[in-house]
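# Structural characterization, general
One-letter residues, chain by chain:
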Amino acid sequence: MSTAALLAVLLSLVSAVAYAAAAVAQERLASKSSGAGLLRLLGSGAWWAAVGLNAGAALLHVVALKYGPLTLVQPLGALTLVAAVPMGARVAGRRVSATEWRGTALTLLGLGALLVTASGPAPHRVLSLTEALAVAGTTAVLIGALSRPGARPGLRHATASGFASGVASALTQTVTVAATDRSGPVGSVEVVVVTVLVAAFAVGGLLLSQTAYRGGLGAPLAVVTLANPVAAAAIGLALLGQGLHGGATGILLALAGAALASWGVVLLTRVTPAARIVAPDDGEHPVAAVLALESARIAAEQALLPPRKEEPGQLTAL
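The structure contained in this document is the topic of the report that follows. (Residues numbered from 1 in each chain as written. Predicted model: local features only at pLDDT ≥ 70, side-chain atom pairs only at ≥ 80, totals over all residues. Heavy atoms only, no water.)

### Considerations on helix 5 (residues 79-91)
Threshold: The helix and strand labels rest on DSSP assignments: H or I over at least four residues marks a helix, E over at least two residues marks a strand, and numbering proceeds from the N terminus. Here a helix's expected span is defined as the number of its residues, less one, multiplied by 1.5 Å. Working definition: with a 1.4 Å probe on protein chains only, accessible area under 20% of the residue-type maximum means buried, over 50% means exposed, and in between means partly exposed.
Taking 1.5 Å of rise per residue, the 13 residues of helix 5 would be expected to cover 18 Å, and the 18 Å separating its terminal C-alpha atoms lies within 8% of that figure. All buried positions along helix 5 are accounted for by T80, L81, A83, A84, V85, M87, G88, A89 and V91. Immediately beyond the C-terminal end of helix 5, within one or two residues, lies G93, with a positive phi of roughly 75 degrees.

Okay, here's the thing in structure tokens:
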């Protein structure tokens, strides 16, 4: 492995951990402020800290793409789920269940198969302004349908968040290529309009994930991790002329990967979030709790120990 590829791997790993820490912080904040409105979130320092973690992770991901190909960097983003599930369990003061391990493993195996069959060289064409507006309009309608009131809002919001993030990534590629193309003006109408769309879908995806984490971490994060590449693959197949690699074998591998990932998500949805040892009104900063996992573990272990009783008149050793 070359030095550039190794640097890309390291940046991707750090990016995945940052995304996982942001997801755990968002889930912890959502559980403490269930039903909180947007204005209350915007006034929360913990919310902005989670936003900062997401922004830092996105920046690391972009830098990693500079040193490594998309086929190497993009699959490593699935490690966010691997890091977030045990991280969230430790913050909650519990062990990762066997069902969570199986669900995480199956989701990652299925996602890996999907990414392998859909991977390839960098695309030679990007979305035109008309195509970008059509994609944005279709996605907005789909997000509106998924965000309607009803049963299982967490998973529907997670799906909408994944779609928004996937579309934002596709539109970001259009902006990046146009901005680096020296043959045209950087501040053209196309670049400005698509940049506004990227910002709108990125913020929308972040807010949707915040509401999705109210019901737990594992299943919503798995759905977001799956919906993101599905949205990107749909745009690539329909508008960019990209297809699955490997012919009939690639199609079978993609179907098997989709089945494995779906079963992994089903397993994660069966996990009932356990009550945290720390009281909801303790005022602890969610991001600080994520970054202080070892202290949380020690506190949890001490809380499970029975209290020591001292005999009257008995001397206590110094």
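### Concerning the packing of helix 7 (residues 129-146) against helix 9 (residues 189-212)
Rules: Geometry is summarised by axes, namely lines fitted to C-alpha atoms with helices restricted to the contacting stretch, and by angles between N-to-C directions that run from 0 to 180 degrees. Our angle categories are set so that under 35 degrees counts as roughly parallel, over 145 as roughly antiparallel, 65 to 115 as roughly perpendicular, and the remainder as oblique. Two helices that cross are described as forming a left-handed crossing if the nearer one is turned anticlockwise from the farther one by less than a right angle, and a right-handed crossing if clockwise. Throughout, a contact is declared for two residues whenever any of their heavy atoms are within 4.5 Å. Ten residues, namely Ala, Val, Leu, Ile, Met, Phe, Trp, Tyr, Cys and Pro, are considered nonpolar, four, namely Asp, Glu, Lys and Arg, are considered charged, and the remaining ones, Gly among them, are considered polar.
At a minimum axis separation of 11 Å, helix 7 and helix 9 run at an interaxial angle of 20 degrees. Between helix 7 and helix 9, the crossing angle belongs to the class labelled roughly parallel. Between helix 7 and helix 9 lies a crossing whose hand is left-handed. Contacts between helix 7 and helix 9 involve L129, A132, L133, A136, T139, A140 and I143 from the first element and E190, V193, V194, L197, F201 and L208 from the second. When its residues are assigned to classes, the contact of helix 7 with helix 9 shows 11 nonpolar, one polar and one charged.

### Observations regarding the side chain of S161
Mapped onto the secondary structure, S161 falls in helix 8 (residues 153-180). S161 gets classed as buried once you look at its relative accessible area, which sits at 2%. If we skip the residues at most four places from it in the chain, S161 touches G205, L208, S209 and V224.

### As for the environment of L127
Here L127 is to be found in the loop between helix 6 (98-118) and helix 7. A residue is classified by how much of its surface remains accessible, and L127, at 2% relative accessible area, is buried. Spatially, the C-alpha atom of L127 lies 9.7 Å from that of G236, the residues being 109 residues apart in sequence. Ignoring anything within four residues of it in the chain, the contact list for L127 reads A132, L171, T174, E190, I235, L239 and L240.

### A word on the packing of helix 5 against helix 10 (residues 218-239)
Following both chains from N to C, one finds helix 5 and helix 10 inclined at 175 degrees, their axes separated by 10 Å at the closest point. On the basis of the axis angle, helix 5 is roughly antiparallel to helix 10. Where helix 5 abuts helix 10, its residues T80, L81, A84 and V85 lie against G218, L221, A222 and T225. Tallied by class, the residues present in the contact of helix 5 with helix 10 amount to five nonpolar, three polar and no charged.

### What about the nonpolar core?
For soluble globular proteins, nonpolar side chains are generally found buried alongside one another. Condition: Among the buried residues, those of types Ala, Val, Leu, Ile, Met, Phe, Trp, Tyr and Cys that are joined through side-chain atoms within 4.5 Å form a nonpolar core.
Core analysis: the largest hydrophobic core is formed by 29 residues, its most contacted members being V24, A84, Y213, L217 and L221. Only helix 1 (3-32), helix 5, helix 6, helix 10 and helix 11 (247-269) provide two or more residues apiece to this core. At seven residues, helix 5 tops the list of elements feeding residues into this core. Ignoring any residue separated from it by four or fewer positions in sequence, one finds L217 in contact with A23, V24, E27, A84 and G88. Counting 24 residues, the second largest nonpolar core, distinct from the first, contains L127, A168, L171 and L208.

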